[in-house]
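Structural overview
Here is how the chains run, residue by residue.
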Amino acid sequence: MAERNLILAFETSCDETSVAVIEDGTKILSNIVATQIDSHQRFGGVVPEVASRHHIEWITRCIDQALAEAGVDYPDLMAVAVTYGPGLVGSLLVGVTAAKVVAWAHHLPLIPVNHMAGHLYAARFVGEFKYPQMALLVSGGHTELVYMPKEHEYEIVGETRDDAAGEAYDKIGRVLGVNYPAGKTIDEWAAQGQDTFHFPRAMEKEDNLDFSFSGLKSAFINTVHNADQRGEELNKYDLAASFQQSVVDVLAEKTMRALDQYPVKQLILAGGVAANHGLRDRLDHDMAKYHSNVTMLQAPLKLCGDNAAMIGAAAAVDYRHGDRAAWDLNAVPGLMFDRAKE
């Protein structure tokens, strides 16, 4: 019987194979991440079948490395946790199957974890959570504002109606000749340019908390293509800065409005795009100016991307609330938090 609260966590929702050992939901004993970026760059994005095959190749090696680095073995574990959605169905199935095998073979409870809850709990490694709470979750596949009245309760109060913010970064990156994933390079270029193109801020003034980035993406692509047809060369740093300013303006504006509507004690920033320095700096500024009474936790830069440590942190909360999966647990690629009632 395990004497320590150790969880072996699996994350395979997209193109990172990750296994971690987490203690008490707050301490990372190991966090092994095998990335597939090099395999997908030539395609300009993630190829689901390629991702699934890489997960199969890496999953057992990641398990061995995670246990070895943590200095523990299966009898030391309290439970096994796994992302079961949202994500790519083939990728999810590799992690779900591996986690079920480990849990069944070693008589351990299996905890099903929502990938987006995992991103949110990446910030738990920075500080203690206070409720009620608002989270801005921004990643390659999702952009949403999530209200948590108390622990283990999630309500979407705002979300993108088309492209996610990270998805838009990758699409305009292709136009600029930036390899996938484009977010880090666009962020670096933006710091060297100015907002000279004044791209649209979609839905910024609408009376809701939803987002839209497809119009911005189209405006950007049309601007670059029109210049190409005229033989005109545009400043890539100003293009990046103009695009990023539009994204950051909308994200910050909607987040501040959400905090106006929902009295909370804390704001969480998490997800892959949470690593964006322009966004982090803007929220630091706006929080100090408009909501200085609300504390903010930003997910650590090294835990903004997909990783199993965040899944282990979320699983510790799920475990306390009695969440257990049966052996017929399946991948749910379209898994979502419930939308808040109007």
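These figures come from a predicted structure and were not determined experimentally. Once a new chain begins, its residue numbering starts again from 1 and follows that chain's sequence as written. Restriction of local features to residues with pLDDT of at least 70 applies here, the model being predicted, together with a cutoff of 80 or more for giving and counting side-chain atom pairs; totals for whole chains, interfaces and linings are based on all residues. Think of the side-chain values as coming from all heavy atoms in the structure, minus any hydrogens and water.

UniProt positions are given in the numbering used here, feature names are shortened, and annotations may be inferred rather than shown by experiment. Within the UniProt annotation, "binding site: Fe cation" (unreviewed entry) is assigned to His115, His119 and Asp306. These annotated residues cover 192 residues of sequence, and their C-alpha atoms lie no more than 8.7 Å from one another, placing them together at a single site. Numbering of helices and strands runs from the N terminus; a helix is a DSSP stretch of H or I covering at least four residues, while a strand is a stretch of E covering at least two. Assignment of secondary structure puts His115 in helix α4 (residues 115–121). The topology assignment puts Asp306 in the loop between β10 (295–298) and α10 (308–320). A 1.4 Å probe rolled over the protein chains alone gives each residue an accessible area, and that area as a share of the maximum for its type sets the label: buried under 20%, exposed over 50%, partly exposed in between. Take Asp306: its relative accessible area is 16%, and that puts it in the buried class. We call two residues contacting when some pair of their heavy atoms lies within 4.5 Å. Those residues within four positions of Asp306 in sequence are excluded, and the remaining contacts are Glu11, Ser13, Cys14, Glu16, Val33, His115 and His119. Throughout this description, a polar contact denotes any pair of N or O atoms lying within 3.5 Å of each other; where both atoms belong to protein, one of them has to be capable of donating a hydrogen while the other can accept it, and for residues adjacent in sequence the pair is counted only when both atoms sit in side chains. Here the side chain of Asp306 touches His115 through a polar contact of 3.2 Å, side chain to side chain.

Across the junction of Gly85 and Pro86, the peptide omega takes the value -10 degrees, indicating a cis bond. Tracing the backbone through its elements, the reader meets Pro86 in the loop between β4 (79–85) and α3 (89–105). Residues Tyr180 and Pro181 are joined by a peptide bond in cis, for which omega reads -10 degrees. On the secondary structure map, Pro181 appears in the loop between α5 (165–175) and α6 (183–190). One non-glycine residue, His152, lies in positive phi territory at about 75 degrees. Take His152: it is sitting in the loop between β7 (143–148) and β8 (155–159). On the accessibility criterion, His152 (23% relative accessible area) is partly exposed. You will see that Met203, though not glycine, has its phi angle at about 65 degrees, which is positive. Its location among the elements puts Met203 in the loop between α6 and α7 (214–229).

Let us look at the packing of aromatic side chains. Put simply, two rings from Phe, Tyr or Trp (the six-membered ring, in Trp's case) pair if the centres are within 6.5 Å, and we call them stacked under 30 degrees between planes, edge-to-face over 60, tilted for the rest. Per the stated rule, a full pass over the model turns up ten aromatic pairs. Pairing Tyr147 with Tyr262 gives two aromatic rings, centres 4.8 Å apart and planes at 40 degrees, and the pair type is tilted. Within this pair, whereas Tyr147 is found in strand β7, its partner Tyr262 is found in the loop between α8 (236–261) and β9 (266–270), the two being separated by 115 residues in sequence. The exposure class assigned to Tyr262 is partly exposed, which follows from its relative accessible area of 22%. Aromatic side chains Phe211 and Phe213 sit 6.2 Å apart centroid to centroid with 10 degrees between the ring planes, which places their arrangement in the stacked category.

By definition, two strands form a pair when at least two bridges between them are found by DSSP. Within the open sheet, the six strands sit side by side as β10-β9-β6-β7-β8-β11. Their pairing is mixed. A strand with exactly one partner marks an edge of an open sheet, and here the two such strands are β10 and β11 (338–339). The sheet contact formed by strand β6 (residues 133–138) and β7 spans six bridges and is antiparallel. Residue pairing across strands places Val138 opposite Thr143, the latter belonging to β7. Convention adopted: a line fitted to C-alpha atoms gives each axis, helices being fitted over their contacting stretch, and angles between N-to-C directions are expressed from 0 to 180 degrees. Those strands touched by α8 are β6, β7 and β9, and its axis lies near 160 degrees from that of β6.

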